[in-house]
Each structure stands twice: as C-alpha cells, then as structure tokens.
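# Breakdown of the fold
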Amino acid sequence: MLTIDQATYDAIVAHAKRDHPVEACGIVAGPEGSDRPERLVEMVNAAGSPTFYEYDSTDLLELYKDLDRRDEEPVVIYHSHSATEAYPSVTDIKLASEPGAHYVLVSTREHGNNDGPVEFRSYRIVDGVVTEEEVAVVPTLTRSES
C-alpha cells in the first residue's frame, strides 16, 4: 500500500493538470529504506509529448546526485496519462527500473487541466510484473505510516 500525505497528493495532481496535455513526470523522494514519500521533485518532460515522457539525462543525473547527498531514494515515481487510463503502458513497464518504488499514474483524460477528479492509481512493477496497490491519502505522515 502507498501511504501519501494530502499535500503531496494534491501537488502531484496539480502538476498533472498544469502540464496537460503533455505528460507530467516526477518523483517523491524519501529517506533510504523508509518507504516514506516526503519530498516532491517535479521534473520536466523532455519529450514534451502527450503520449510519452522522458527525463532530460542531465536533470536525471543531477537528481540522483542530490538523492545520494541527502541519503534519499525515489519512493514514488509518477507521471500522467492525458488520454488513457491510469495504468502502465508497455513502455512504462519496460522502463520501470526501481523495484522498490511505487509507480503512480494520474489520468487527466476526463477533465484535462480543468476542475474535476482525476484517476490516481499506484502500482509496484518488478521484473515486468504489474501489481496495483491501495493508495491511502492521509492528512500528514506519521512515524508509523509508510
């Protein structure tokens, strides 16, 4: 199960809506080994595409250097789908390289960047196997929630 605080959930949804119709992407970092999504890092979709996302290689290198300096890891890796459901595509599955991460997908297909609900779903992707997991949105993270 992914437990995420309301502010981070809202920020991910806002990023997806703001970038619509381009796929938004980013991570939520947390202390290594904690499974606690604590620090949102919005990334730029270097592809600028409504059907695909990719990180700029320089930005990605800087991100991982920063994570290393802070003793953090990507707890959540997220991106949006602007025209399809919030389910990993074949490409998403092939590119999933963090077996300990929660892969969050946000679909903005129904309302785009307008007011209205989105699909917000989380998956574990390990060795090409996709398993959906429950998402618990809490007011704030406590020590026992992760």
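Please read all numbers here as calculations on a predicted model, not as lab measurements. Think of each chain on its own: its residues are numbered from 1, step by step along the sequence as written. Per-residue local features of the predicted model are confined to residues with pLDDT of at least 70, and side-chain atom pairs are confined, for both listing and counting, to 80 or more; whole-chain, interface and lining totals are unaffected and use all residues. Just so you know, side-chain values use all the structure's heavy atoms and leave hydrogens and water out.

## A look at the packing of aromatic side chains
- Think of it this way: a Phe, Tyr or Trp ring, Trp meaning its six-membered ring, pairs with another when their centres are within 6.5 Å, and the plane angle makes it stacked under 30 degrees, edge-to-face over 60, tilted otherwise. Overall, the coordinates contain 3 aromatic pairs when judged by the stated rule.
- Centre to centre, the rings of Y9 and F120 are 4.4 Å apart; their planes meet at 45°, and the pair counts as tilted. Residue Y9 is located in helix α1 (residues 6–19), and its partner F120 is located in strand β6 (residues 119–126); the two are separated by 111 residues in the primary sequence.
- Taking 5.6 Å as the distance between ring centres and 75° as the angle between the ring planes, the aromatic pair formed by Y53 and Y55 counts as edge-to-face.
- For the exposure calls, accessible area comes from a 1.4 Å probe over protein chains only, and a residue counts as buried if that area is under 20% of its type's maximum, exposed if over 50%, partly exposed in between. Judged by its relative accessible area of 18%, Y55 is buried. A helix here means a DSSP run of H or I that spans at least four residues, while a strand means a run of E at least two residues long, and both kinds are numbered starting from the N terminus.

## With respect to the UniProt feature "domain: MPN" (unreviewed entry) in the protein
- With numbering aligned to this structure, UniProt lists the feature "domain: MPN" (unreviewed entry) at residues 2–129.
- In residues 2–129, the share of helix is 26% and the share of strand is 32%. The end C-alpha atoms are 17 Å apart. UniProt positions are given in the numbering used here, feature names are shortened, and annotations may be inferred rather than shown by experiment.

## Points about the environment of P74
- For P74, the position within the fold is in strand β4 (residues 72–81).
- Looking at P74, the relative accessible area reads 7%, which means it is buried.
- Separated by 28 residues in the primary sequence, P74 and H102 have C-alpha atoms spaced 8.6 Å apart.
- Excluding anything up to four places from it in sequence, P74 contacts I27, V28, Y64, L67, E98 and A101. What makes two residues a contact is simply this: any of their non-hydrogen atoms within 4.5 Å.

## Quick word on unusual backbone geometry
- The amide bond that connects H20 to the next residue, P21, takes the cis arrangement and shows omega of 10°.
- Following the sequence through the fold, P21 ends up in the loop between α1 and β2 (25–31).
- The phi angle at D35 is positive, at roughly 60°, despite the residue not being glycine.
- If you trace the backbone, D35 turns up in the loop between β2 and β3 (39–43).

## Re the nonpolar core
- What makes a nonpolar core is a set of buried Ala, Val, Leu, Ile, Met, Phe, Trp, Tyr and Cys residues whose side-chain atoms join them at distances within 4.5 Å. If you look at the biggest cluster of nonpolar residues, it comprises 17 residues, and the most contacted ones within it are I27, M43, Y55, L63, I77 and Y103.
- Breaking this core down by element, the ones donating at least two residues are β2, β3, α2 (57–69), β5 (102–107) and β6.
- If you tally residues by element for this core, the top one is β2, at 3 residues.
- Excluding residues that lie within four positions of it along the chain, Y55 makes contacts with C25, G26, I27, M43, V44, A46, L60, I77 and Y78.

## Points about a negative patch on the surface
- On the surface, E32, D68, D71 and E73 cluster together into a negatively charged patch.
- One can find E32 in the loop between β2 and β3.
- On the accessibility criterion, E32 (47% relative accessible area) is partly exposed. Residues enter patches when they are more than 30% accessible in relative terms and free of salt bridges; like-charged ones are connected within 9 Å and nonpolar ones (Val, Leu, Ile, Met, Phe, Trp, Tyr) within 5 Å. The Shrake-Rupley method, run with a 1.4 Å probe, gives the accessible areas here. Residue values count only the displayed protein chains as cover. Note on definitions: salt bridges are taken to be side-chain nitrogens of Lys or Arg within 4 Å of carboxyl oxygens of Asp or Glu. For the purpose of charge, His is not counted, nor are the chain termini; Lys and Arg are scored as positive and Asp and Glu as negative. A single reference atom marks each charge: NZ on Lys, CZ on Arg, CG on Asp, CD on Glu.

## Focus: α1
- In this analysis, the expected span of each helix is defined as 1.5 Å times one less than the number of residues it contains. For α1, with 14 residues, the first-to-last C-alpha span of 20 Å sits near the 20 Å given by 1.5 Å per residue.
- Along α1, the positions that sit buried rather than exposed are T8, I12, V13, H15, A16 and K17.
- Against the buried residues of α1 lie β1 (2–5), β2, β3, β4, β5 and β6.
- The term polar contact refers here to a pair of N or O atoms within 3.5 Å; inside protein, the definition further demands a hydrogen-donor-capable atom paired with an acceptor-capable atom, and it admits residues adjacent in sequence only when both atoms are side-chain atoms. For α1, the N-terminal cap is D5; the gap from its side-chain oxygen to the backbone nitrogen of A7 is 3.3 Å.

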